[in-house]
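A look at the structure
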Amino acid sequence: MPQDIVRELGFLTLGTRLRRLGEMLQASTQTIMQHHGIDLPAAHYPFLAALDRNGSLTVGELADVIGISQPGATRTIGQLAQAGLVTVAVSDDDQRRKQVSLTKAGQDLVSHSARVVWPRVEVAVQDLCGEFGNTFLDQLGAIENGLKQRPLINRTQEDKDPL
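Notes on the structure follow. Just so it is clear, the structure is predicted and the values come from calculations on it, not from any experiment.

A word on the overall build of the protein
- Counting its regular elements, the protein contains 7 helices and 3 strands.
- The order of helices and strands in the protein, counted from the N terminus, is α-α-α-β-α-α-β-β-α-α.
- Over its C-alpha trace the protein gives a radius of gyration of 19 Å, far above what one expects of a compact globule, namely 15 Å for 163 residues.
- The C-alpha extent of the protein, read off along each of the three principal axes, is 55 × 40 × 30 Å.
- The burial tally for the protein puts 26% of its 163 residues in the buried class.
- Once local pairs closer than 6 in sequence are excluded, the contacts in the protein between residues at least 24 apart make up 42%.
- Element-wise, carbon and sulfur atoms account for 54% of the exposed surface of the protein, whose accessible area totals about 11800 Å².
- Each charge class in the protein was averaged separately, 16 positive and 19 negative side chains, and the resulting centres sit 1 Å apart.

A short note on the environment of I32
- In this structure, I32 sits in helix α2 (residues 14-35).
- As for I32 and G146, which are separated by 114 residues in sequence, their C-alpha atoms are 33 Å apart.

Observations concerning the nonpolar core
- If you look at the biggest cluster of nonpolar residues, it comprises 25 residues, and the most contacted ones within it are L40, L48, L62, I77 and V86.
- Counting residues per element, the ones that place at least two in this core are α3 (45-54), α4 (59-66), α5 (70-82), β3 (98-102) and α6 (104-129).
- Leave out the neighbours within four places in its chain, and V86 touches L48, L51, I77, L80, A81, V100, S101, L102 and T103.

A closer look at the sheet that holds β3
- The strand order across the open sheet formed by 3 strands is β1-β3-β2, and the pairing between neighbours is antiparallel. Both outer strands of the open sheet, β1 (57-58) and β2 (86-90), are each paired with one neighbouring strand and no more.
- Direction of pairing for β2 relative to β3: antiparallel, over a ladder of 5 bridges. Considered in β3, the bridge of V90 is made with K98.
- Against the sheet, α5 engages β2 and β3, with an angle of about 115 degrees to β2.

Procedures and definitions
- Residues numbered from 1 in each chain as written.
- Predicted model: local features only at pLDDT ≥ 70, side-chain atom pairs only at ≥ 80, totals over all residues.
- Heavy atoms only, no water.
- Helix = DSSP H or I, 4+ residues; strand = E, 2+ residues; numbered from the N terminus.
- Rg over C-alpha atoms; globule rule 2.2 N^0.38 Å.
- Buried < 20%, exposed > 50% of the residue type's maximum accessible area, 1.4 Å probe, protein only.
- Contact = heavy atoms within 4.5 Å.
- Areas by Shrake-Rupley, 256 points an atom, 1.4 Å probe, with all protein chains shown as cover.
- Lys, Arg positive; Asp, Glu negative; His and termini not counted.
- Charge placed at Lys NZ, Arg CZ, Asp CG, Glu CD.
- Core = buried A, V, L, I, M, F, W, Y, C linked by side-chain atoms within 4.5 Å.
- Pairing = 2+ DSSP bridges.
- Axes fitted to C-alpha atoms, helices over the stretch in contact; angles between N-to-C directions.

Below you can see the structure in the form of structure tokens.
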């Protein structure tokens, strides 16, 4: 059987490895959600949680708090609106901005999920991470902050040692 090249290449493919890990976690979360009768992509939960926690937000604000691109946020918000979980309205103070809010169905889903689904997912991931769980989260935060402060392109030796 061929070797796991992504794992073997270490830091070179860290982004790919983290994406793969994220996809595995989301697939497992999806299974737990379906077990509880929820047919919604797991990746949509952060949007619902952000709206529940913050109230109405613009598309740009949602993209920022979730940490994705605005086109990606727009696409997900469209799917949530189509599912009847959010409403999208033109902002009162700026016609170019769209405000996103939870509908009653969205609020009910968040309430049910917070009681039934999210705790189960959290316990399962904590079990998976074991004793290094909090340290791992701290390290992920440090990597995210480091990339915001100084992107990879600014961390290369290109200027000092051209190939």
